[in-house]
Amino acid sequence: MPIPTAPSELDELQVGDKVLVKRVLDHPAWMKQVPCDPRNGSTTKYVRDPQLVEELGVSSVMDRRAVPAIAAAGNWPGREAHTLVRLPNGFWYDCATGLQDGSGSTRIERMH
């Protein structure tokens with residue numbers, strides 16, 4: 001059973017709306033590896049890169065897509081309905097979370 005979430009301000013995004021694109025600084029794509037004590041089970045660990053800027057820039061919504069729910073069948077898991085928006089960079093973003101679909105390395109926020 002899906003956990004109901006409160007509607008986000010991104011749910012109302014339409015084609016042409018402006019959004020702010022930001023890095024998710026805790027995502028491994030933006031972190032750097034540093035040496036660590038091998039007694040912890042690894043010789044490297046991920047830490048935030050203090051030289052990275054979180055904000056990437058302003059963009060506009062190019063497309064909006066409602067993805068329908070699919071019921072689970074046998075061993076195949078189901079899928080909840082969700083809404084995606086596409087930016088000129090070609091990536092799709094989930095309106096419920098603001099995260100880049102499939103990756104989560106960047107996120108969007110609505111411009112006010």
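Residues numbered from 1 in each chain as written. Predicted model: local features only at pLDDT ≥ 70, side-chain atom pairs only at ≥ 80, totals over all residues. Heavy atoms only, no water.

Asks: What am I meant to see in the sheet that holds strand β7 (residues 92–94) here?
Replies: Strands pair in a sheet through their backbones, by hydrogen bonds, and they do so in one of two ways: parallel or antiparallel. Strand order in this open sheet of three strands is β5-β6-β7, and the pairing throughout is antiparallel. Both outer strands of the open sheet, β5 (63–67) and β7, are each paired with one neighbouring strand and no more. Between one strand axis and the next, the sheet turns through 30 degrees on average, direction left out of account. When β5 meets strand β6 (residues 82–86), the two strands line up antiparallel, connected through five bridges. Its bridge partner being in β6, D63 is matched across the sheet by R86. (Pairing = 2+ DSSP bridges. Helix = DSSP H or I, 4+ residues; strand = E, 2+ residues; numbered from the N terminus. Axes fitted to C-alpha atoms, helices over the stretch in contact; angles between N-to-C directions.)

Asks: I keep staring at the pattern of salt bridges and nothing clicks. Help me out?
Replies: Pairs can form between side chains of opposite charge whenever their charged atoms are close. Tallied over the entire structure, the rule returns six salt bridges. Where R107 meets E109, a salt bridge forms, and the shortest distance between an N and an O atom there is 2.4 Å. The exposure class of E109 is partly exposed, given its relative accessible area of 27%. Connected through salt bridges with shared partners, the residues K22, E54, R107 and E109 form a single ionic network. (Salt bridge = Lys/Arg side-chain N within 4 Å of Asp/Glu carboxyl O. Buried < 20%, exposed > 50% of the residue type's maximum accessible area, 1.4 Å probe, protein only.)

Asks: What exactly am I supposed to notice about the packing of aromatic side chains here?
Replies: The description of two aromatic rings rests on the distance between their centres and on the angle between their planes. For the structure on display, the rule yields zero aromatic pairs. Above the face of the W30 ring, R23 is positioned so that its terminal group lies 4.6 Å from the ring centre. Taking NZ or CZ as reference, R65 lies 4.1 Å from the ring centre of W92, over its face. (Phe/Tyr/Trp six-rings, centres within 6.5 Å; stacked < 30°, edge-to-face > 60°. Lys NZ or Arg CZ within 6 Å of the ring centre and 35° of its normal.)

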